[in-house]
Amino acid sequence: MRTAYTVDRIRAAEQALMAQLPPGTLMQRAAAGLATACADFLGGCYGAEVVVVAGTGDNGGDALYAGARLARRGARVSAIVLDQAKVHRGGVAALTTAGGWVLAPDEYATAIAGADLVLDGIVGIGGKPGLRPPADRVLDLVEEHAVPVVAVDVPSGIDVDTGETPARHVRAELTVTFGAHKIGLLVDPGATAAGLVHLVDIGLGPYLGEPDVEALQADDVAERLPEPSRASHKYSRGVVGVVAGSEQYTGAAVLAVGGAVAGPVGMVRYVGPPEPTRYVRARWPDVVCGEGRVQAWVVGSGLGDDPARADEVRRILASGLPVLVDADGLRHLPERCEGPVLLTPHEGELARLLGVEREAVTARRLHYARAAAARWNATVLLKGATTVVAAPDGRVRVNTVSVPWVATAGSGDVLSGVCGSLLAAGLDPLEAGSVGAYLHQTAGVLASRGGPITADDLARAVPAAYRMLLGGDE
Ligand SMILES: NC(=O)C1=CN([C@@H]2O[C@H](COP(=O)(O)OP(=O)(O)OC[C@H]3O[C@@H](n4cnc5c(N)ncnc54)[C@H](OP(=O)(O)O)[C@@H]3O)[C@@H](O)[C@H]2O)[C@@H](O)CC1
Ligand SMILES: Nc1ncnc2c1ncn2[C@@H]1O[C@H](COP(=O)(O)OP(=O)(O)O)[C@@H](O)[C@H]1O
Ligand SMILES: [K+]
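Just so we're clear, the structure is a prediction, and the values are computed from it rather than from any experiment. (Residues numbered from 1 in each chain as written. Chains lettered and ligands numbered in written order. Predicted model: local features only at pLDDT ≥ 70, side-chain atom pairs only at ≥ 80, totals over all residues. Heavy atoms only, no water.)

Observations concerning empty space enclosed by the protein
Step number 1: Per the counting criterion, the structure on display carries one cavity of 30 Å³ or more.
Step number 2: Looking at the largest cavity, its volume works out to about 50 Å³.
Step number 3: Forming the walls of the largest cavity are V53, V118, D120, I122, A135, V138, L139, V142, V149 and V170.
Step number 4: Only strand 5 (117-121) and helix 6 (135-144) provide two or more residues apiece to the lining of the largest cavity.
Step number 5: Ranked by residues supplied to the lining of the largest cavity, first place goes to helix 6 with four residues.
Step number 6: Taken together, the residues of the lining of the largest cavity sort by class into nine nonpolar, no polar and one charged. (1 Å grid on protein atoms, 1.4 Å probe; cavity = no way out; pocket = protein on both sides within 12 Å on 5 of 7 lines; lining within 4 Å. Points joined across faces, edges and corners; volume = space filled by probe spheres on them. Helix = DSSP H or I, 4+ residues; strand = E, 2+ residues; numbered from the N terminus. Nonpolar A, V, L, I, M, F, W, Y, C, P; charged D, E, K, R; others polar.)

See the structure below:
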């Protein structure tokens, strides 16, 4: 499990650990891990040109000490000191002792133009969002010359606790973070600004407590994927009912059912009008069409605006059974949901639900997913490159495994079927949403292999992704 914490929790853990260690120990641990990661990134130190950008706090200190280590290993390391009066003095002394040097302002442009790597030590967890002068001017040069950036702890300028980027910020190829992941490294748009994230263990683990945000990894997903036993029969494995598609949107029915049959349930029921029913029957002889007992429902994709279907959605939501509500179904939510409910909006749908602009949701994904979960007393899965799943009790999971080819028409319909199948097999909405999102994107990786895919390809790849995660034969 990848776990992320607020800045306050990380600071508290740091205090507890520091009280037991000689001064400066944690910074040296951080700098050593950072220097090793930079050397790996560069593919060797000797002769590499590295520019350290050091702000006024300990983040600058980490960057300078790492620069000193790289200089000792043969790199040519210079430093841009953003404020001479407040810079970490020990860090500057270590760098110059190791053969590095501090640049004069008229040398910045040439040094950055010739750099193989810029180390962003502008601000870390003590930073407020945005970049003050002269950091912004230095970043102009870095972007102009397209120099790769390794961010120290976090990409400077992001909101570390939320992943929001309300102002100018660094875009890194790699972020080397210390002690624990910060929430803003896992949630977009901060996650995108961070690039790849490498965690350096500095010993905070025993002091961190419960995480604020979690991200499942392959072994966590494998543990959670339901598997039948010798005693299983089709009903004990779970039955999922799908209410999706209409005369106009027949594809939504086929794709949502496609996701459901690819999941762990023993049986799928489809309930819908004649035309989509014909398509579903033709495609899956194993799907039972018509009402009947189920353990969970998937409702909403491609329903259109038929009032009879809206009543059906309301009736299902009032049943107390686990329900996944997607797309058009989201227009028929009660004032507050009862029972286990998983809502799966994309940003536009969540914006409409909450009466805000889509851009606001894009900018504040964690905030609005949490707000909607609290407002409707339901788990909210906000789709996108980093999917956020927020439960009404405050727990949050994000899915950071993704492939952009999955952003294709009908892909969300497949996701609804996959997550609904997991709900019917007994997972609670937070588990079903987070496991389903991981499974769906893993199917995308397998189906795509670097090229375009259709939603149908995605559904067909879900069983292979399931098998791979369980450690079965390829
Ligand atoms: N936690 C841990 O376990 C460990 C932490 N370690 C390291 O310490 C880092 C935290 O260091 P930190 O507390 O000194 O704060 P830091 O992030 O350097 O920035 C504060 C300074 O920046 C300034 N400033 C603020 N906003 C700004 C902006 N937008 N643009 C420009 N400047 C801005 C702010 O100025 P002020 O607002 O006070 O005027 C203040 O002077 C942490 O990220 C990690 O790298 C490791 O060494 C070891 C283990
Ligand atoms: N950039 C991206 N990278 C990976 N997956 C993405 C990206 N953007 C969207 N997705 C995924 O694609 C699916 C799109 O769903 P949705 O917006 O409902 O589309 P549709 O309504 O056409 O089915 C979701 O699972 C979402 O998480
Ligand atoms: K930084």
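Topic: the UniProt feature "binding site: AMP" (unreviewed entry) in the protein chain
Step number 1: What UniProt calls "binding site: AMP" (unreviewed entry) maps, in this numbering, to K383, G384, A385, T386, T387 and G412. Taken together, the annotated residues stretch across 30 residues yet fold into one region, lying no more than 13.9 Å apart by C-alpha. Checking the named residues against the second largest pocket, the ones that line it are K383, G384, A385, T387 and G412.
Step number 2: Assignment of secondary structure puts K383 in the loop between strand 17 (379-382) and strand 18 (387-390).
Step number 3: Setting aside residues no more than four positions away along its own chain, K383 makes contact with D326, T344, P345, H346, E347, R365, G412 and L415.
Step number 4: Within the structure, the side chain of K383 is placed 3.2 Å from the backbone oxygen of T344, a separation counted as a polar contact.
Step number 5: By secondary structure assignment, the location of T386 is in the loop between strand 17 and strand 18. (UniProt positions renumbered as here; feature names shortened; annotations may be inferred. Contact = heavy atoms within 4.5 Å. Polar contact = N/O pair within 3.5 Å; in protein donor to acceptor, adjacent residues only side chain to side chain.)

As for the coordination of the potassium ion (ligand 3)
Step number 1: The protein atoms donating to the potassium ion (ligand 3) are N59 (OD1), D120 (O), V123 (O), V152 (O), V154 (O) and S156 (OG), with metal-donor distances spanning 2.7 to 2.9 Å.
Step number 2: Between the six donor atoms coordinating the potassium ion (ligand 3), the angles at the centre fall across 66 to 168°, so the site counts as irregular.
Step number 3: By relative accessible area, which is 0% here, V152 ends up buried. (Donors = N, O, S within 2.8 Å, 3.2 Å for Na, K, Ca; no water. Tetrahedral: all angles 85-135°; square planar, octahedral: opposite > 155°, others 65-115°. Buried < 20%, exposed > 50% of the residue type's maximum accessible area, 1.4 Å probe, protein only.)

A closer look at the site of ligand 1
Step number 1: Ligand 1 sits among 23 residues. The nearest are T56, D62, G124, G130 and D153.
Step number 2: Here an oxygen atom of ligand 1 and a backbone polar atom of I125 are 2.9 Å apart.
Step number 3: Between D153 and ligand 1, the recorded distance is 2.6 Å, taken from a side-chain N or O atom to an oxygen atom.
Step number 4: Starting from 940 Å² of accessible surface for ligand 1 in isolation, the protein chains cover 83%.
Step number 5: Judged by the fraction of its atoms near the pocket grid, ligand 1 is located in the largest pocket.
Step number 6: Secondary-structure elements contributing two or more residues to the shell around ligand 1 are helix 1 (7-18), helix 2 (25-42) and helix 3 (58-72). (Near = heavy atom within 4 Å. Areas by Shrake-Rupley, 256 points an atom, 1.4 Å probe, with all protein chains shown as cover. Sits in = over half its atoms within 2 Å of the grid points.)

Looking at unusual backbone geometry
Step number 1: Residues P133 and P134 are joined by a peptide bond in cis, for which omega reads 0°.
Step number 2: Mapped onto the secondary structure, P134 falls in the loop between strand 5 and helix 6.
Step number 3: Between D188 and P189 the backbone carries a cis peptide bond, its omega angle lying at 5°.
Step number 4: For A146, which is not glycine, the phi dihedral falls at a positive 50°.
Step number 5: By the secondary structure assignment, A146 is in the loop between helix 6 and strand 6 (149-152).
Step number 6: Judged by relative accessible area, A146 falls into the exposed class, the value being 63%.
Step number 7: You will see that A327, though not glycine, has its phi angle at about 45°, which is positive.
Step number 8: Note that A327 resides in the loop between strand 15 (323-325) and strand 16 (341-343).

Section: the pairing of strand 11 (residues 239-243)
Step number 1: Judged by how many residues are buried, strand 11 sits mostly within the fold: five of five residues are covered.
Step number 2: Of the two faces of strand 11, the one lined by V239, G241 and V243 and the one lined by V240 and V242 are each fully buried.
Step number 3: Two strands pair when backbone bridges link them, and strand 11 and strand 12 (residues 267-270) are joined in this way by four bridges, in the parallel orientation. Bridged to G241 within strand 12 is R269.
Step number 4: Bridging between strand 11 and strand 14 (residues 296-299) involves four bridges; their strand directions are parallel. Bridge assignment links V240 to a residue of strand 14, and that residue is A296. (Pairing = 2+ DSSP bridges.)

Side note on the UniProt feature "domain: YjeF N-terminal" (unreviewed entry) in the protein chain
Step number 1: With numbering aligned to this structure, UniProt lists the feature "domain: YjeF N-terminal" (unreviewed entry) at residues 10-210.
Step number 2: End C-alpha to end C-alpha, residues 10-210 measures 11 Å, and it is 36% helix and 17% strand.

Description of the packing of aromatic side chains
Step number 1: With the rule as written, the count across this model stands at zero aromatic pairs.
Step number 2: Against the face of Y368 rests R364, its NZ or CZ located 6.0 Å from the ring centre.
Step number 3: The ring of W376 has R375 sitting right over it, with the charged end atom 4.2 Å from the ring centre. (Phe/Tyr/Trp six-rings, centres within 6.5 Å; stacked < 30°, edge-to-face > 60°. Lys NZ or Arg CZ within 6 Å of the ring centre and 35° of its normal.)

Quick notes on the domain arrangement of the protein chain
Step number 1: Split by domain assignment, the protein chain resolves into domain 1 (2-214) and domain 2 (218-469).
Step number 2: Taking the mean C-alpha position of each, domain 1 and domain 2 sit 39 Å from one another.
Step number 3: With twelve residues of domain 1 at the interface, the matching set in domain 2 holds 14 residues.
Step number 4: When the two sides are added together, the surface that domain 1 and domain 2 hide from each other amounts to roughly 1000 Å², 50% of it contributed by carbon and sulfur.
Step number 5: On inspection of domain 1 and its partner domain 2, the count reaches two salt bridges.
Step number 6: Residues E164 and R364 are paired through a salt bridge, measuring 3.2 Å at the closest nitrogen-oxygen approach.
Step number 7: Linking domain 1 with domain 2 are five residue pairs in polar contact (both at pLDDT 80 or more), by the criterion used here.
Step number 8: In terms of residue class, the side of domain 1 that touches domain 2 is built from six nonpolar, one polar and five charged. (Domains from an automatic or database assignment. Buried area = accessible area lost by both parts, 1.4 Å probe. Salt bridge = Lys/Arg side-chain N within 4 Å of Asp/Glu carboxyl O.)

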